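# Inside the fold
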Amino acid sequence: MPAAAYRRVLLKLSGEALMGEDAFGINRDTLERMVAEIGEVVGLGVEMAIVIGGGNIFRGIALGAAGMDRATADYMGMMATVMNAMALQDAMRRAGIEARVQSALNIEQVVEPYIRPKAMRYLEEGKVVIFAAGTGNPFFTTDTAAALRGSEMGVEIVLKATKVDGIYSADPKKNPKATRFASISFDDALARRLQVMDATAFALCRDQKLPIKVFDMTKPGALRRVAMGEDEGTLVHV
């Protein structure tokens, strides 16, 4: 079996990715398919951390714009990510994949708190570590949490799962002539004003020289191809 291209990665999953074709919540078939693909990559010997969003349950920014206090809305969004993380962990358990959830919010009756040395040990033991509750602070997105935890865990790359197969020169839905970049530098992406991640997350990855791979998680086998270093999605690099 050919070796994977990476030893340790961080996968950023949006909450919306768990919805499938549903309007909200968690679609069981979608969740089980994602877990099967994650299991394939773990089976290659890749150590995997995951940061998960909560948009399928609660849209903090949208409700904040409607009049809710932004910090309150963001804390509610963080708790939504804990629910998603628990669902993901349970689906992994049923699939025979060992996983641990660590939360940036202290809710020890439900999941253990984020402790960096323990998370590192779990990864070294081959367990999947799911980071919930973002950074534990309002006003920071789960993209920023992915950049932060990826840097702390010493991963080689952040894998940003989306519904688009990479970064394009323009919106491919609006411009049929838009072309996909196989790779692009951080500086070039900034100059072109391409929305890869939010500004804080993007700046942190650039400063830490932590590459980002943007790919389509809904495409069967895409995650495995990314892990093998094949031409899948777009690589953002220094």
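Residues numbered from 1 in each chain as written. Predicted model: local features only at pLDDT ≥ 70, side-chain atom pairs only at ≥ 80, totals over all residues. Heavy atoms only, no water.

Of the regular secondary structure elements, the chain holds eight helices and 11 strands. Radius of gyration (C-alpha) of the chain: 17 Å, near the 18 Å computed for a compact globule of 238 residues. Across its three principal directions, the C-alpha atoms of the chain cover 50 × 50 × 35 Å. Per-residue burial over the chain gives 49% buried out of 238 residues. Counting only carbon and sulfur atoms, one obtains 53% of the accessible surface of the chain, whose full area is about 11300 Å². Mean positive and mean negative side-chain charge positions of the chain (29 and 29 charges, respectively) differ by 2 Å. (Helix = DSSP H or I, 4+ residues; strand = E, 2+ residues; numbered from the N terminus. Rg over C-alpha atoms; globule rule 2.2 N^0.38 Å. Buried < 20%, exposed > 50% of the residue type's maximum accessible area, 1.4 Å probe, protein only. Areas by Shrake-Rupley, 256 points an atom, 1.4 Å probe, with all protein chains shown as cover. Lys, Arg positive; Asp, Glu negative; His and termini not counted. Charge placed at Lys NZ, Arg CZ, Asp CG, Glu CD.)

Relative to the helices and strands, Asp29 resides in helix α1 (residues 28-43). In this structure the C-alpha to C-alpha distance between Asp29 and Leu18, which are 11 residues apart in sequence, comes to 9.2 Å.

Bringing a nonpolar patch on the surface into the picture now. Residues Met68, Met76 and Met79 make up a contiguous nonpolar surface patch of about 250 Å² in total accessible area. Looking at the element boundaries, Met76 is found in helix α3 (residues 70-94). (Patch = residues over 30% accessible without salt bridge, like charges linked within 9 Å, V, L, I, M, F, W, Y side chains within 5 Å. Salt bridge = Lys/Arg side-chain N within 4 Å of Asp/Glu carboxyl O.)

Read from one edge of the open sheet, nine strands run β4-β3-β5-β2-β1-β6-β10-β11-β9, paired in mixed fashion. Taken across any chain shown, the strands that pair with only one partner, and hence form the sheet edges, are β4 (112-113) and β9 (183-185). Alignment of β9 against strand β11 (residues 234-237), held across three bridges, turns out to be parallel. Looking at β11, one finds that Ile184 is bridged to Val236. Along the sheet, helix α5 (residues 142-153) makes contact with β1 (8-13), β2 (47-52), β5 (128-132) and β6 (157-162), crossing β1 at roughly 170 degrees. (Pairing = 2+ DSSP bridges. Contact = heavy atoms within 4.5 Å. Axes fitted to C-alpha atoms, helices over the stretch in contact; angles between N-to-C directions.)

Mapped onto the fold, Ile212 is located in strand β10 (residues 212-216). On the accessibility criterion, Ile212 (0% relative accessible area) is buried. As a C-alpha pair, Ile212 and Leu10 span 202 residues in sequence and 9.7 Å in three-dimensional space. Excluding residues that lie within four positions of it along the chain, Ile212 makes contacts with Ile157, Val158, Lys160, Phe186, Val196, Met197, Phe202, Cys205, Thr234, Leu235 and Val236.

Another aspect to go through is the packing of aromatic side chains. Per the counting criterion, the structure on display carries two aromatic pairs. Where Tyr114 meets Phe131, the ring centres are 5.6 Å apart and the plane angle is 80 degrees; that geometry is what we call edge-to-face. Linking Tyr114 in the loop between β4 and α4 (116-124) with Phe131 in strand β5, this pair joins segments that are 17 residues apart in sequence. On the accessibility criterion, Phe131 (2% relative accessible area) is buried. (Phe/Tyr/Trp six-rings, centres within 6.5 Å; stacked < 30°, edge-to-face > 60°.)

What follows covers unusual backbone geometry. Despite not being glycine, Ala133 has its phi angle at roughly 70 degrees, a positive value. Following the sequence through the fold, Ala133 ends up in the loop between β5 and α5. Positive phi is not limited to glycine here, since Arg193 has a value of about 55 degrees. Inspection of the secondary structure assignment puts Arg193 in the loop between α6 (186-191) and α7 (199-207).

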